[in-house]
Amino acid sequence: MRKIVARLLRALGVMKFDFLAETASTFPSDAGLAQGRLVVVRDGDVEKWACLTCPGGCGRTINLSLNPLRRPKWTVAIDFWRRPTLLPSVHQLNECGCHFWIKGGCIDWCQGGRPKDNSAMHGRH
Amino acid sequence: MTSELNAAEAANTAYRIRTTTDGVTFKDASVPDPIPLGRQILMAAGVRDIENNILYAILPNGEFEDVRLDETYDLRAKGTEVFAYFESDRAFNFTIEQRQMSWGRNLISGKAVRNLAGVDERYTIYLEVRGGHDRPIGDTDLVDLSGKGIERFITVIRETTEGLGALPSADRQFIEDHGLTCEMIADAGSTGVVIKNFPLPPGKFDRDVVDVMIQLPAGYPDASVDMFFTMPWIKLKATGRYANCADQPHLFGGQNWQRWSRHAEWRAGIDGIRTMVARAELAFAKAA
């Protein structure tokens, strides 16, 4: 319900976000990840993974480990409207090479971290 | 001559298969019949005690299919050529990336999971742990499949790293103040900071600059950083050899780094990238 309201507020131009978070108890398959969704895999009290489709437009799934005892590692915080904030930044080492933050559900591209020849994301900011 | 020709012809029409019983080594074999019985496949694999074995066809999509001993199996229909067999009467099932697989023993190695599922080296395999963090499974790790429930494996490609934002602010400040160009790289369970084009003492090595990699342990910056690594490998100009204690390879992030075995005390809360840069500078200056 809250998500529907959030999407409505975005449509009205009142709120901005690129990603909304949802939780799942098991690791999602690549097919289960739509653009704009960040899936937090949570089993009991343990947050294990944050999974999203690369916002650079290459279509790859990015799986971020939330395990504090391993590296690389990230943390995710979710606000009232389910907008995620991800720390630290995400840097892809593949051909896509994108490098971004997600803050309050919005993508914040790092300098030189935004894929150039990708029209899919250009209209969204 | 005639018999040789016949043999050659038979070999041409024989169906090639590959068999494995440990998931690590695969043996080539051939069966004369395109639609053999399960027991013929085991015979071709050189199995003696056929009655006590169970046999699986590994389909091109990686799924396992049970083949009974007296069941015919059409090698042409599904393009199958790999079979796994076990001297066992019990099967242990597991899934990897939603695919069902079977195994004839309770223990399976990470290497066997990797080979059977065709997972390439860029991916880390994790065992899903209920109520806890998923456990990375190395090639030599053994997983017990006999527990309650079906074990699930997932695979995650190693191509994502934290930006420099993952470093403590003191490190970021140091990097900025000294105009260093840095990159983060990742390996299973570890991050490395690569300082690009690190200047070497003039004329001392066979290169003027080198990339220096500092591997950050999980508890960094409180946990100690030990050695550092260079890429490409550098040799002393004077001797044409590697410096002392700098001739061992270290595989990280899919690259083979030159390991500089230089150790010192680590002071939690004080030491950081600054310390390692100083350690590398000293090592290059004193290298012999």
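First things first, this report covers the structure right here in the doc. Just so we're clear, the structure is a prediction, and the values are computed from it rather than from any experiment.

### Notes on the nonpolar core
As a rule of thumb, nonpolar side chains are buried together in soluble globular proteins. Residue and element names in this part refer to chain B. Counting residues in hydrophobic clusters, the biggest one holds 31 residues, and the most contacted among them are F205, F228, W260, I273 and F284. Mapped by element, the contributors of at least two residues to this core are helix 4 (169-177), strand 14 (182-187), strand 15 (190-199), strand 16 (209-216) and helix 5 (273-286). For this core, the element with the most residues is helix 5, which contributes 6 residues. With residues near it in sequence (within four places) discarded, F228 still touches V212, M213, Q258, R259, W260, R262, M276, R279, A280, A283 and F284. In terms of nonpolar packing, the next biggest core, distinct from the first, is built from 24 residues, V82, F86, I96 and F153 among them.

### What about the packing of aromatic side chains?
Under the counting rule described, the total for this entry stands at 17 aromatic pairs over all chains. Between B:F205 and B:W260 the ring centres are 6.2 Å apart and the planes differ by 70 degrees, which places this aromatic pair in the edge-to-face class. Placement of the pair is B:F205 in the loop between strand 15 and strand 16 and B:W260 in strand 19 (residues 255-260), with a sequence separation of 55 residues. Residue B:F205 is classed as buried on the basis of its relative accessible area of 1%. A connected cluster of aromatic rings, assembled from ring pairs, spans B:F198, B:F205, B:F228, B:W260 and B:F284. Geometry around A:F80 places A:R2 over its ring, the cationic atom sitting 4.1 Å from the centre.

### Things to note about the pattern of salt bridges
What the rule picks out here adds up to 19 salt bridges over all chains. Close ionic contact of A:E47 with A:R42 constitutes a salt bridge, the shortest N to O distance being 2.9 Å. Judged by its relative accessible area of 25%, A:E47 is partly exposed. Notably, a salt bridge pairs B:R76 with B:D74, separated by 3.2 Å at the nearest N-O pair.

What counts and what doesn't
Residues numbered from 1 in each chain as written. Chains lettered and ligands numbered in written order. Predicted model: local features only at pLDDT ≥ 70, side-chain atom pairs only at ≥ 80, totals over all residues. Heavy atoms only, no water. Core = buried A, V, L, I, M, F, W, Y, C linked by side-chain atoms within 4.5 Å. Buried < 20%, exposed > 50% of the residue type's maximum accessible area, 1.4 Å probe, protein only. Helix = DSSP H or I, 4+ residues; strand = E, 2+ residues; numbered from the N terminus. Contact = heavy atoms within 4.5 Å. Phe/Tyr/Trp six-rings, centres within 6.5 Å; stacked < 30°, edge-to-face > 60°. Lys NZ or Arg CZ within 6 Å of the ring centre and 35° of its normal. Salt bridge = Lys/Arg side-chain N within 4 Å of Asp/Glu carboxyl O.

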